[in-house]
Amino acid sequence: MSVRKSATASVRRVASLASTTARPTTERERERRRIAVLCLPFFALAIVAGFVPLAMLVRISFAEDTIWMEGWSLEAWEALATTPAYRRVAWNTLWFVGLATGVSVALGVAVAHALEKYDLPAERVVVAAVSFPIALPGIVVAYLITVLLGNQGVVTNAIATVTGASAFDLASATAITGLFLGYVYSLLPRATMVLRGTYAEVNAQAEEAARTLGASRWETFYHVTLPEIRPGIAAAAILTFRSGLAIFGTVLILQSHKVITLQIHNEISVGSYAPDVAAAIGLVYVVFIVAFTFVGLRFVDDDAVEV
Amino acid sequence: MTGDASPRADGGSTATGNSDAASTTRPDGGSVTASQNRRWSRSGRALSTLLGRPIVAGVVAVVTAFLTIPVLVAFVSSFAESGSGVLPTGFVTFDHWRKVLGFGDYGVRQNAIPGLTYSLLIATGGMVLNVLIGVPIAYALARYDFYARDWINTFAILPLVPGLILGIAFIQTYPEHGRSSLGLLAGYCLLKSPYMVLTVQSSFQSMDLVRLEESARSLGASWPRTVLTVIVPQARRGIVAGAIITWTLAAAEFNFTHKVASGSPDPFAMFLYRNIATNASYLQSAAAVSVYFLIVVAAIVVLQLLGKRGFSTAHQ
């Protein structure tokens, strides 16, 4: 069959599918129409508010004149490919977010484990403490880090009082460690949420059996619990890493590490206005997130996914 | 009995250690394990059995403190006169709250109430739009099995475009309407829709949808009527919970707002930003942040009344 013929056949098939969906005669076609009607509002919004702006971003990244968005040039992409500074930003982002994800997921496992298995004295407090920060935007998290570690911070001043050093020297909110704690502050609750869902489905009988047969707690965890929660850990890591890549408000205020969101922001700031470069970075960033998510989720049970 | 006894085989075991030892040192049970697999150490005295719980509990305590202390300190110090020193001093004053909300004569700072109201209205609009787009697709995904269902599912429950990028793209694509309230509303709706879809979906998944639908249909109801008057009311808890979550998150959405907001009236996220980043005192920022804390706490209380565990999309 020639290419033209097969293309015509595909077009015809799509057309007939569309016409039967619009005017269904069988129950199956009616069901298809229902599905289409139910999905339509979401996709209408996704196209208007999501896909069209993304397509516009592609256009901007190739624009020669960035004020009127006219002409075509590869300048932005060339700059992106050849400037070492951009590679450094990418590397900065990946290791920083990766490390924050690792720490958050590890702590999340501990918290979810304790909430599920132990009789904690203040379980409701822990649950509230872990779920509250999910609602906080990055700028508030940045402020909370300065409350802990800033010049007037609680921890800073406590240490200063004990050691006699000046609080100004001890303040680490705007150091990279402060930013790291800010990332963990935002990411840990998300990781814990996913892991709590996984833990609720762990087979406690298998653990009890292992304990009765003489396994220590660590052996039980490592050989019995861990294999069961592994999909949850993977899902938590994927979602946490994604959320970590999107953090912007925290970095904007603390400014101690050049990650990709801050770089995009700088590209469109007054003084270094380069929307084409910003658009190109943004596209690389979106493509990376989408590819990462879809590749990652192929290895994970879909039910473990929560935002 | 065991070939490789744990290194910490000292007598002093904790209460938990004792109870475990009691359950595992039965003469036959223990020896069977040991002969089958020599790698198992004697559980009652293993290092992890003695120290595991205290260590994990300690980690949880540190995490809880790390997450709660700054929130509490910020809230408390918003009523303090001085924030220097380890703990805030000089209670109780409402100066910072008044200053932040723009009451009284405090120079050029304008009244924050219009901005707050505006923001909350837009968040409400985004929430309503989210119910309209989120509930149908959640129902389609929970009830039917169709081509590319998994892909559409992933697409609907994961925010694929970060707010910062969406904001930049938005104002370039719609130069006239991008900065308007409508632009903010559409952006909030799209950015927060995953929370709505997930919450409603988990609500639908706990119902026997096929049976409900078939019963209603066999009694003579049309399909639209079945969906609107039988199925959707059954999921109202999930819908309300999703609405509260999307509303609260949209009320303080910053990354997108920062790029799109035009300035007047100032959305709530920009009000927070102004009070945190630019020439505001430490205690004034505390008051501004506390305004949002109050909103979140109210939302969580309502969510818990609805039977949710705080900001979780999971169905209980």
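Quick caveat, the model's predicted, so the values are computed rather than measured.

A.B. asks: Before we go on, may I ask you to explain the overall build of chain B in this structure?
C.D. replies: Along chain B, the regular secondary structure elements total 14 helices and zero strands. Starting at the N terminus, the α and β elements of chain B follow one another as α-α-α-α-α-α-α-α-α-α-α-α-α-α. Put simply, chain B has 316 residues, and 54% of those count as buried. Counted over contacts in chain B with a minimum sequence separation of 6, partners at least 24 positions apart contribute 67%. Carbon and sulfur atoms provide 62% of the accessible area of chain B, an area that totals close to 13,900 Å².

A.B. asks: What exactly am I supposed to notice about unusual backbone geometry here?
C.D. replies: Keep in mind that most residues, glycine aside, have a negative phi and that most peptide bonds are trans. Backbone geometry at Gln255 of chain A places phi at a positive 55°, although glycine is not the residue there. As for its position among the elements, Gln255 of chain A is in the loop between helix 12 (249–254) and helix 13 (260–267). Unlike most non-glycine residues, Ala148 of chain B shows phi in positive territory, near 60°. In this fold, Ala148 of chain B is placed in the loop between helix 5 (113–143) and helix 6 (149–157).

A.B. asks: Would you take a moment to explain the nonpolar core for this structure?
C.D. replies: If you look at soluble globular proteins, the nonpolar side chains tend to sit buried side by side. Membership of the largest hydrophobic core comes to 184 residues, with the highest contact counts inside it found for Tyr183 of chain A together with Phe204 of chain B. With 14 residues, the top contributor of residues to this core is helix 14 (residues 282–305) of chain B. The residues contacting Tyr183 of chain A, other than those within four sequence positions of it, are Phe96, Val97, Ala100, Gly244, Ile247, Val251 and Val259 of chain A.

A.B. asks: Can you walk me through helix 5 of chain B in this structure?
C.D. replies: Residues spaced three or four apart along an α-helix face the same direction, because each turn holds 3.6 residues. In a regular helix each residue adds 1.5 Å, so 31 residues correspond to 45 Å; helix 5 of chain B covers 44 Å between its end C-alpha atoms and thus fits that length. Maximal helix bending in helix 5 of chain B amounts to about 25°, located at Asn130 of chain B.

A.B. asks: What's the story with the side chain of Thr173 of chain B in this structure? I'm lost.
C.D. replies: Assignment of secondary structure puts Thr173 of chain B in helix 7 (residues 163–173). Exposure remark for Thr173 of chain B: the relative accessible area of 17% places this residue in the buried category. A distance of 2.5 Å separates the side chain of Thr173 of chain B from the backbone oxygen of Ala169 of chain B, its partner in a polar contact. Residues in contact with Thr173 of chain B, not counting those within four places in the same chain, are Val52, Pro53 and Met56 of chain A.

A.B. asks: Can you walk me through a nonpolar patch on the surface in this structure?
C.D. replies: All names here are of chain A. Where nonpolar side chains cluster on the molecular surface, the patch consists of Trp91, Leu94, Trp95, Leu99, Ile176 and Phe288 and spans about 570 Å² of accessible area. For the nonpolar patch, the element with the most residues is helix 4 (residues 84–117), which contributes four residues. Within the secondary structure, Trp95 is located in helix 4. Judged by its relative accessible area of 32%, Trp95 falls in the partly exposed class.

A.B. asks: What is the right way to read the packing of helix 11 (residues 217–246) of chain A against helix 14 (residues 275–298) of chain A from this model?
C.D. replies: Helices that pack against each other are described as a pair by the angle of their axes relative to one another and the distance between those axes. Residue and element names in this part refer to chain A. One can describe the packing of helix 11 onto helix 14 by two numbers: an axis separation of 10 Å at closest approach and a directional angle of 175°. The orientation of helix 11 with respect to helix 14, classified from their angle, is roughly antiparallel. Residues Ile238, Phe241, Arg242, Leu245 and Ala246 of helix 11 form the contact with helix 14, whose participating residues are Tyr285, Phe288, Ile289, Phe292, Thr293, Gly296 and Leu297. For the contact of helix 11 with helix 14, a count of residues per class yields nine nonpolar, two polar and one charged.

A.B. asks: Could you clarify how one ought to interpret the environment of Arg30 of chain A in this entry?
C.D. replies: All names here are of chain A. Mapping Arg30 onto the fold places it in helix 2 (residues 27–61). Measuring from C-alpha to C-alpha, the distance between Arg30 and Thr20 comes to 8.5 Å, with ten residues separating the pair along the chain. Separated by 3.2 Å, the side chain of Arg30 and the backbone oxygen of Thr25 make a polar contact.

A.B. asks: Explain the environment of Pro159 of chain B here, please?
C.D. replies: All names here are of chain B. For Pro159, the location among the structural elements is in the loop between helix 6 and helix 7. Since its relative accessible area comes to 25%, Pro159 is described here as partly exposed. Separated by 142 residues in sequence, Pro159 and Val301 have C-alpha atoms that sit 26 Å apart.

A.B. asks: In this structure, what is going on with the pattern of salt bridges? I would like to understand it.
C.D. replies: Charged atoms that come close allow side chains of opposite charge to pair. According to the stated counting rule, one finds six salt bridges over all chains in the structure shown. With a shortest N-O distance of 3.4 Å, Arg149 of chain B and Asp150 of chain B are connected by a salt bridge. On the basis of relative accessible area, Asp150 of chain B is assigned to the partly exposed category, the value being 45%. Arg211 of chain B serves as the salt-bridge partner of Asp208 of chain B, at 3.9 Å between the closest nitrogen and oxygen. Given a relative accessible area of 43%, Asp208 of chain B falls into the partly exposed group. A cluster of three or more residues bridged by salt bridges with shared partners is formed by Glu27, Arg30 and Arg34 of chain A.

A.B. asks: I keep staring at the packing of helix 9 (residues 176–199) of chain A against helix 11 of chain A and nothing clicks. Help me out?
C.D. replies: All names here are of chain A. Direction vectors running N to C along helix 9 and helix 11 enclose 140°, while the axes themselves pass 9 Å from each other. Classified by the angle between their axes, helix 9 and helix 11 sit oblique to one another. Note on packing geometry: the crossing formed by helix 9 with helix 11 is right-handed. Residues Tyr183, Leu187, Arg190, Ala191, Val194, Leu195, Thr198 and Tyr199 of helix 9 touch helix 11, and the partners they reach there are Phe221, Thr225, Glu228, Ile229, Gly232, Ile233, Ala235, Ala236, Leu239, Thr240, Ser243 and Gly244. Among the residues forming the contact of helix 9 with helix 11, the class breakdown is twelve nonpolar, six polar and two charged.

A.B. asks: When you look at the packing of aromatic side chains in this model, what are you seeing that I'm missing?
C.D. replies: The geometry of an aromatic ring pair comes down to the distance between the two centres and the angle between the two planes. All chains considered together, the criterion is met by 26 aromatic pairs over all chains. Geometrically, the ring pair formed by Phe42 of chain A and Phe155 of chain B is edge-to-face, given 6.0 Å between the ring centres and 90° between the ring planes. Residue Phe42 of chain A is located in helix 2, and its partner Phe155 of chain B is located in helix 6; the two belong to separate chains. For the residue pair Phe42 of chain A and Phe155 of chain B, the accessibility class agrees, reading buried in each case. By way of ring pairs, the aromatic residues Phe42, Phe43 and Phe51 of chain A together with Phe155 of chain B are connected into one cluster. Positioned above the aromatic ring of Trp72 of chain A, the side-chain terminus of Arg59 of chain A is 4.0 Å from the ring centre.

A.B. asks: Would you explain the state of the cysteines in this entry?
C.D. replies: Disulfides are covalent bonds that link the sulfur atoms of two cysteine residues. Within the structure shown, the criterion is met by zero disulfides over all chains. Of the cysteine sulfurs around Cys39 of chain A, a residue in no disulfide, the closest is that of Cys189 of chain B, at 15 Å. For Cys39 of chain A, a relative accessible area of 7% gives the class buried. Its relative accessible area of 0% is what places Cys189 of chain B among the buried residues.

A.B. asks: Is there a simple way to explain the confidence of the model for chain A in this structure?
C.D. replies: Parts of the model with low pLDDT should not have their predicted coordinates read in detail. This prediction gives chain A a mean pLDDT of 85; 97% of its residues lie at or above 70. Mean pLDDT across the elements of chain A bottoms out in helix 8 (residues 167–170) of chain A (75) and peaks in helix 4 of chain A (91).

A.B. asks: Can you walk me through the environment of Thr117 of chain B in this structure?
C.D. replies: All names here are of chain B. Structurally, Thr117 is set in helix 5. Using a relative accessible area of 41% as the deciding quantity, one classes Thr117 as partly exposed. A C-alpha to C-alpha distance of 9.4 Å links Thr117 and Pro265, two positions 148 residues apart in sequence.

Thresholds, definitions, all that
- Residues numbered from 1 in each chain as written.
- Chains lettered and ligands numbered in written order.
- Predicted model: local features only at pLDDT ≥ 70, side-chain atom pairs only at ≥ 80, totals over all residues.
- Heavy atoms only, no water.
- Helix = DSSP H or I, 4+ residues; strand = E, 2+ residues; numbered from the N terminus.
- Buried < 20%, exposed > 50% of the residue type's maximum accessible area, 1.4 Å probe, protein only.
- Contact = heavy atoms within 4.5 Å.
- Areas by Shrake-Rupley, 256 points an atom, 1.4 Å probe, with all protein chains shown as cover.
- Core = buried A, V, L, I, M, F, W, Y, C linked by side-chain atoms within 4.5 Å.
- Expected span 1.5 Å × (residues − 1).
- Bend = angle between axes of the 7 residues up to and from the residue.
- Polar contact = N/O pair within 3.5 Å; in protein donor to acceptor, adjacent residues only side chain to side chain.
- Patch = residues over 30% accessible without salt bridge, like charges linked within 9 Å, V, L, I, M, F, W, Y side chains within 5 Å.
- Salt bridge = Lys/Arg side-chain N within 4 Å of Asp/Glu carboxyl O.
- Axes fitted to C-alpha atoms, helices over the stretch in contact; angles between N-to-C directions.
- Parallel < 35°, antiparallel > 145°, perpendicular 65-115°, else oblique.
- Nonpolar A, V, L, I, M, F, W, Y, C, P; charged D, E, K, R; others polar.
- Left-handed = near helix turned anticlockwise from the far one by under 90°.
- Phe/Tyr/Trp six-rings, centres within 6.5 Å; stacked < 30°, edge-to-face > 60°.
- Lys NZ or Arg CZ within 6 Å of the ring centre and 35° of its normal.
- Disulfide = S-S within 2.5 Å.
- pLDDT = per-residue confidence, 0-100.

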